[in-house]
Amino acid sequence: MAYPQIGAFARMAEGSVVPNRSIAGPMTKLSRSMHGIRYDEVNDEIFVTNPFAQAILAFRGGTTGNEAPLRVLQGPLTQLQYPNSGVDVDAVHDELYVAESNRVLVFPRTADGDVPPIRVIRGPKTQIKIWLRTLAVDPVNNVLIVTSDEDEERRARILIFDRTAHGDVEPRGIIEGPRTGIGSNVRYVRVYPPRRLILASIGGNS
């Protein structure tokens, strides 16, 4: 059985190669089903979701072996219940974004312990209907991209908000419909600010 770990490979690695280093062991507080991970290259930190512990773990970029995280964001004030795959870092404005069920939680990047979010996007106007899958923040163009399942059939949409959106606010744009190719859930999304691109991977049979 595989055990929870984060592997760091050479950028040009190919084939069946071992990682240059790995983060694993009880002190790391990692668990299985860690679907969300982001590297903050400005501050050299790694952010990982732990849905079973209802937590976000922050490691130093050079962490190796059985090393404890720098910070653990966890507790009732955080509103974290099942942070799965949606986490991103805005190193420009020093903020941490987390997709949590039917809302987006925004924290200071260095939040540690039981800390309340500084902003929350939630409510009927947001058109976040069933479940937020993942998100990405673009600090250059000041937008937040989130993906949401539209209904129980997992038909998906991409919602675009202002980066500083807070409360029950309408998205500034919605990508959906048969011409988009978004038929099922959007697994992951990233942004490329220089060209204002949204890159999405789509789940399903196609």
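This report concerns the structure included in the present document. Predicted, not measured: the structure shown is a model, and the values here were computed from it. (Residues numbered from 1 in each chain as written. Predicted model: local features only at pLDDT ≥ 70, side-chain atom pairs only at ≥ 80, totals over all residues. Heavy atoms only, no water.)

So, on to unusual backbone geometry. Phi at Lys29 takes a positive value of approximately 65°, unusual for a residue other than glycine. Within the secondary structure, Lys29 sits in the loop between β2 (21-23) and β3 (37-40). Of note, the phi angle at Arg196 is positive, near 55°, even though the residue is not glycine. Here Arg196 shows up in the loop between β15 (186-192) and β16 (197-202). (Helix = DSSP H or I, 4+ residues; strand = E, 2+ residues; numbered from the N terminus.)

This part takes up the pairing of β15. Judged from the six bridges that link them, β15 and β16 form a sheet pairing that is antiparallel. Residue Val189 lies in a different strand from β16, and its bridge partner there is Ala200. Hairpin connection between β15 and β16: a loop of four residues separates the two successive antiparallel strands, and Arg196 in this loop has a positive phi of roughly 55°. (Pairing = 2+ DSSP bridges.)

This paragraph deals with the pattern of salt bridges. For the structure on display, the rule yields ten salt bridges. Note that Arg109 and Glu45 form a salt bridge whose closest N and O atoms lie 3.0 Å from each other. Of this pair, Arg109 sits in the loop between β9 (103-108) and β10 (119-121) while Glu45 is found in strand β4 (residues 45-50), placing the two residues 64 residues apart along the sequence. An identical accessibility class is assigned to Arg109 and Glu45; each is buried. Of the charged contacts in the structure, one is a salt bridge between Asp162 and Arg172, with a shortest N-O distance of 2.9 Å. Placement of Asp162 in strand β13 (residues 156-162) and of Arg172 in the loop between β13 and β14 (173-175) is noted, with a sequence separation of ten residues between them. Residue classification places Arg172 among the exposed positions, given a relative accessible area of 54%. Here the salt bridges share partners, and the residues they tie into one network are Glu45, Arg71, Asp94 and Arg109. (Salt bridge = Lys/Arg side-chain N within 4 Å of Asp/Glu carboxyl O. Buried < 20%, exposed > 50% of the residue type's maximum accessible area, 1.4 Å probe, protein only.)

Turning our eyes to something else, we now look at the sheet that holds strand β11 (residues 131-138). Strand order across the open sheet formed by four strands is β11-β12-β13-β14, with antiparallel pairing between neighbours. At either margin of the open sheet sits one strand with a lone partner, and together these are β11 and β14. Within the sheet, the average angular offset between the axes of one strand and its neighbour, ignoring direction, is 20°. Examined bridge by bridge, strand β12 (residues 143-149) and β13 share seven bridges and lie antiparallel to one another. Bridge pairing links Val143 to Asp162 in β13. (Axes fitted to C-alpha atoms, helices over the stretch in contact; angles between N-to-C directions.)

With respect to the helices and strands, the residue Arg38 is situated in strand β3. In terms of polar contacts, Arg38 uses its side chain to reach the backbone carbonyl oxygen of Val189, at 3.3 Å. With sequence-adjacent residues up to four places away left out, Arg38 is seen in contact with Glu45, Ile46, Phe47, Val87, Asp88, Thr134, Leu135, Val189 and Arg190. (Polar contact = N/O pair within 3.5 Å; in protein donor to acceptor, adjacent residues only side chain to side chain. Contact = heavy atoms within 4.5 Å.)

Next up on the list: the pairing of β12. Taking burial as the measure, the seven residues of β12 include seven buried ones, the bulk of the element. Side chains of β12 alternate between two faces, with Val143, Ile145, Thr147 and Asp149 and Leu144, Val146 and Ser148 buried alike. Relative to β12, β11 runs antiparallel, the two sharing six bridges. Looking across to β12, one finds that Trp131 is bridged to Asp149. What sits between β11 and β12 in their antiparallel hairpin is a turn of four residues, with Asn142 showing a positive phi close to 55°.

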